[in-house]
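# Examination of the molecular architecture
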Amino acid sequence: PHVGDYYIGRLSFGAYQYFNGTMGFIAVYDRELTPEEVRQVNLYIQSEMAKRGVPIGGVYDPISPMIVISTDDGPATDYLNAYPRAAAKGIPLTHYIVAGEIGGPDKLTWAQVIEMRNEGFGIECHTLDHQNLTTLSPEDVAANMEAVNEAFEAADLPPPEHHAYPFGGVSDAVRAVVSEYRVTG
């Protein structure tokens, strides 16, 4: 729906994500929002996600100016669609890739990953094999992070600094291990 002079809409890869609540929202506007408008946007997003059983914490005060656009899993469309459109507008994206799937069917290649990284796009960790890390032992989580680092280094890339959890699967124990390998996550 339109709210004031900006637009808030669903952003998802397909209907299955819309129904299970793992979608994101994006707000795009051509002017600075008032604090009250920021509050209204936050409340709207909270309401929409609550309808899908995905609670979001209290209204936050974003850092101004700030926008982060990220993708995950490393589908080929990150390079074929998102990258050229964002690059043409000078908008860097952050791609959270599944390192063990790079080069697979309908996935990014390491050459594409390197090209995007060289153009200033973020390339970060979404695990080696897209496992829910809460199902793994701390040793297996560590092995997963180490394998991702090795894959990045084999592609002549530095190890990732940031991590996005597949399926939102995170616990204190998982976070403790991941924090040994990543700055955030």
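Residues numbered from 1 in each chain as written. Predicted model: local features only at pLDDT ≥ 70, side-chain atom pairs only at ≥ 80, totals over all residues. Heavy atoms only, no water.

### Things to note about the packing of aromatic side chains
Within this structure, the stated rule accounts for 3 aromatic pairs. Summarising the aromatic geometry, the rings of tyrosine 79 and tyrosine 83 are spaced 5.4 Å apart at their centres and angled 20° between planes, so their arrangement reads as stacked. Here tyrosine 79 and its partner tyrosine 83 are both found in helix α3 (residues 77–88), 4 residues apart, which amounts to about one turn of the helix. On the basis of relative accessibility, which here comes to 8%, the residue tyrosine 83 falls in the buried class. Here tyrosine 83 and phenylalanine 121 contribute two aromatic rings whose centre-to-centre distance is 5.1 Å and whose plane-to-plane angle is 75°, an arrangement assigned as edge-to-face. Of this pair, tyrosine 83 sits in helix α3 while phenylalanine 121 sits in the loop between α4 (110–118) and β6 (122–125), and the two are 38 residues apart along the sequence. Here phenylalanine 121 falls in the buried class, since its relative accessible area comes to 5%. Every member of this aromatic cluster is reached through a ring pair, and the members are Tyr79, Tyr83 and Phe121. (Phe/Tyr/Trp six-rings, centres within 6.5 Å; stacked < 30°, edge-to-face > 60°. Helix = DSSP H or I, 4+ residues; strand = E, 2+ residues; numbered from the N terminus. Buried < 20%, exposed > 50% of the residue type's maximum accessible area, 1.4 Å probe, protein only.)

The values are spatial; any link to function lies outside them.
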